[in-house]
Amino acid sequence: MGETITTKEYIDDIYTQQKRTVLGLRGVFAHLFAVFQGLLKVLARIDTNFTVTSKASDEDGDFAELYMFKWTTLLIAPTTLLIVNLVGVVVGISYAINNGYQS
């Protein structure tokens with residue numbers, strides 16, 4: 001016979017698998033970035049510099065501007081899509097509640 005799994009065990013298992021996948025992908029992308037950076041340095045003689053900062057809050061420190069949210073025109077399209085999607089979800093849920101599922 002098959003083994004029975006509770007909903008909590010099932011959700012915990014999915015959560016664990018997703019954590020492993022994310023951790024694995026971080027390592028893969030970190031190595032790909034390192035290879036890309038090395039190729040840029042060797043072939044194109046471009047030195048990619050970036051500032052490594054701590055994750056602690058640095059409100060008035062040297063790197064405070066790195067943590068500030070800056071609105072740019074590039075955020076207009078994704079914000080519009082987000083709002084349209086949220087409105088669509090609300091309309092879909094209200095339609096489903098009012099009319100029910102008819103097959």
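Residues numbered from 1 in each chain as written. Predicted model: local features only at pLDDT ≥ 70, side-chain atom pairs only at ≥ 80, totals over all residues. Heavy atoms only, no water.

Undergrad: Can you help me understand the overall build of the protein in this one?
TA: Each helix and strand counted, the protein has 3 helices and 0 strands in total. Counting from the amino terminus, the protein carries its helices and strands in the arrangement α-α-α. By element, 65% of the accessible surface of the protein is carried by carbon and sulfur atoms, the whole surface being about 10,000 Å². (Helix = DSSP H or I, 4+ residues; strand = E, 2+ residues; numbered from the N terminus. Areas by Shrake-Rupley, 256 points an atom, 1.4 Å probe, with all protein chains shown as cover.)

Undergrad: Just to check I follow, could you spell out helix α1 (residues 7-43) for this structure?
TA: Structural remark: α-helix, 3.6 residues per turn; residues separated by three or four positions point the same way. If you check α1, its first and last C-alpha atoms are 53 Å apart, about what 37 residues at 1.5 Å a residue would give, namely 54 Å. Backbone geometry just downstream of α1 places R45 in the positive-phi region, at approximately 55°. (Expected span 1.5 Å × (residues − 1).)

Undergrad: Before we go on, may I ask you to explain a nonpolar patch on the surface in this structure?
TA: A surface patch of nonpolar side chains, amounting to about 390 Å² of accessible area, comprises I5, Y10, I11 and I14. The topology assignment puts I11 in helix α1. By relative accessible area, I11 is classed as partly exposed at 48%. (Patch = residues over 30% accessible without salt bridge, like charges linked within 9 Å, V, L, I, M, F, W, Y side chains within 5 Å. Salt bridge = Lys/Arg side-chain N within 4 Å of Asp/Glu carboxyl O. Buried < 20%, exposed > 50% of the residue type's maximum accessible area, 1.4 Å probe, protein only.)

Undergrad: Sorry if this is basic, but what is going on with helix α3 (residues 76-99) here?
TA: Compared with an ideal rise of 1.5 Å per residue, which puts 24 residues at 34 Å, α3 spans 34 Å between its outermost C-alpha atoms and is within 8% of the ideal. Trailing α3 by a residue or two, G100 shows a phi angle of about 75°, which is positive.

Undergrad: Honestly, the environment of T16 in this entry has me stumped. Any pointers?
TA: Topologically, T16 is positioned in helix α1. Here the side chain of T16 touches D12 through a polar contact of 2.8 Å, landing on its backbone oxygen. (Polar contact = N/O pair within 3.5 Å; in protein donor to acceptor, adjacent residues only side chain to side chain.)

Undergrad: Whenever I open this one, the environment of K70 confuses me. Can you help?
TA: Along the chain, K70 falls in the loop between α2 (64-67) and α3. When its relative accessible area of 52% is taken as the criterion, K70 is described as exposed. Here K70 is in contact with E65 and L75, once residues within four sequence places are set aside. (Contact = heavy atoms within 4.5 Å.)

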